[in-house]
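Residue-level listing of the chains:
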Amino acid sequence: VIDQLDTELARLLAELVSRGLWENTIIVFTSDQGISLGSHGLIAKQSLYESTMGVPFIIVGPGIEPGQTDALGYLFDVFPTIAELAGIPVPEGIHGRSLAPVIGNPSSDHREDILLAYTKAEGTHVQRAVRRDNWKYFYYPHNGIEQLFNLADDPHEMNNLSEDPDLQDKKREMQQIMRQMQEDLEDPYHLPAEPGGTTVIVGGEADE
């Protein structure tokens with residue numbers, strides 16, 4: 001599969017060169033999220049762990065210098081990014097933010113926080129997670145389970161720190177970030193307002 005991908009990509013790039021379009025073309029290579037292949041004992045895409053949430057994102061084009069960034073972003077940031085790089089006005093009302101400033105300066109930040117969501121169509125298997133820097137907090141509304149990971153020390157998310165007495169302030173901080181992002185995005189699956197409270201689920205059907 002990888003060999004075939006390389007072959008077809010080479011054909012595409014060669015065609016751009018032969019038509020004299022290489023110097024005036026922006027190329028984005030990306031994909032869907034990954035799947036678990038045994039990590040955490042899971043197979044498929046039913047989790048928000050790092051092994052399933054990362055996507056490839058490579059962009060090449062005029063004025064784009066080689067580099068790499070750790071900035072957080074969503075796939076829906078690609079549209080405003082391409083629009084800005086191509087000199088096209090970005091429509092109002094979209095959630096995406098252009099990555100062009102990060103492309104110009106890989107050490108700059110893009111999004112401070114990322115909200116991640118997984119919901120089966122019937123709404124029985126719901127997960128929410130939020131990430132800031134190297135911290136990641138999970139909440140499962142249907143059973144109240146929480147997880148907190150320090151990705152710098154634990155990149156495979158194996159050591160749940162949510163009950164660590166020294167990290168309760170950090171957990172509350174991550175909870176507040178999640179609660180605010182859910183509110184901003186009108187997410188129907190909410191954290192309890194207070195510890196031990198009842199999870200509020202409102203709204204209609206949810207899709208994966």
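Structure: see above.
Residues numbered from 1 in each chain as written. Predicted model: local features only at pLDDT ≥ 70, side-chain atom pairs only at ≥ 80, totals over all residues. Heavy atoms only, no water.

A.B. asks: Quick question: what am I supposed to make of the nonpolar core here?
C.D. replies: Proteins that are soluble and globular tend to have nonpolar side chains buried together. Residues Val130, Tyr137, Phe138, Leu148, Met174 and Met178 are the most contacted members of the largest nonpolar core, which totals 25 residues. Elements with a contribution of two residues or more to this core: strand E5 (113–119), strand E6 (126–132), strand E7 (135–140), strand E8 (145–150) and helix H5 (168–184). For Met174, the contacting residues outside a window of four places in its chain are Val130, Arg131, Arg132, Trp135, Lys136, Tyr137 and Leu148. (Core = buried A, V, L, I, M, F, W, Y, C linked by side-chain atoms within 4.5 Å. Buried < 20%, exposed > 50% of the residue type's maximum accessible area, 1.4 Å probe, protein only. Helix = DSSP H or I, 4+ residues; strand = E, 2+ residues; numbered from the N terminus. Contact = heavy atoms within 4.5 Å.)

A.B. asks: Explanation requested: the sheet that holds E8 in the structure shown.
C.D. replies: The pairing of strands in a sheet happens through backbone hydrogen bonds and is either parallel or antiparallel. Sheet architecture is open: four strands sit in the order E5-E6-E7-E8, paired in antiparallel fashion. With one partner strand each, in any of the chains shown, E5 and E8 form the two edges of the open sheet. Sheet twist, expressed as the average angle between the axes of neighbouring strands with direction ignored, equals 15 degrees. Looking at chain direction, E7 and E8 are connected through six bridges and run antiparallel. (Pairing = 2+ DSSP bridges. Axes fitted to C-alpha atoms, helices over the stretch in contact; angles between N-to-C directions.)

A.B. asks: Help me out: how do you make sense of the pattern of salt bridges in this one?
C.D. replies: Pairing between side chains of opposite charge can happen when their charged atoms approach one another. Applying the stated criterion across every chain, the model contains 13 salt bridges. Its salt-bridge partner being Glu15, residue Arg19 comes within 2.7 Å of it at the nearest N-O pair. The class of Glu15 is partly exposed, set by a relative accessible area of 37%. Via salt bridges that share partners, Glu112, Asp113, Arg132, Lys170 and Glu173 belong to a single interconnected network. (Salt bridge = Lys/Arg side-chain N within 4 Å of Asp/Glu carboxyl O.)

A.B. asks: I'm lost on the side chain of Ser108 in this one. Help?
C.D. replies: Note that Ser108 resides in the loop between helix H4 (100–104) and E5. There is a polar contact of 2.7 Å between the side chain of Ser108 and the backbone oxygen of Asn105. Leaving out residues up to four positions away in the same chain, Ser108 has contacts with Thr69, Ala71, Pro101 and Val102. (Polar contact = N/O pair within 3.5 Å; in protein donor to acceptor, adjacent residues only side chain to side chain.)

A.B. asks: Which parts of the structure should I look at to understand the environment of Ile103?
C.D. replies: Topologically, Ile103 is positioned in helix H4. The class for Ile103 is buried, based on a relative accessible area of 17%. Through-space distance from the C-alpha of Ile103 to that of Leu85 is 9.9 Å; in sequence the pair is 18 residues apart. Not counting chain neighbours up to four residues away, the residues in contact with Ile103 comprise Ile59, Ile64, Thr81 and Leu85.

A.B. asks: Explain the packing of aromatic side chains to me, please; I cannot follow it from the model alone.
C.D. replies: To describe a pair of aromatic rings, one takes the distance between the centres and the angle between the planes. In total, this model carries five aromatic pairs according to the counting rule given. Ring centres of Tyr49 and Phe138 lie 5.2 Å apart, and the angle between their planes is 45 degrees; this geometry places the pair in the tilted category. Taken together, the residues Tyr49 in the loop between strand E3 (43–44) and helix H2 (50–53) and Phe138 in strand E7 connect sequence positions 89 residues apart. The two residues Tyr49 and Phe138 agree in class, both being buried. Aromatic rings pair up to connect Tyr49, Phe138, Tyr140 and Phe149 into one cluster. (Phe/Tyr/Trp six-rings, centres within 6.5 Å; stacked < 30°, edge-to-face > 60°.)

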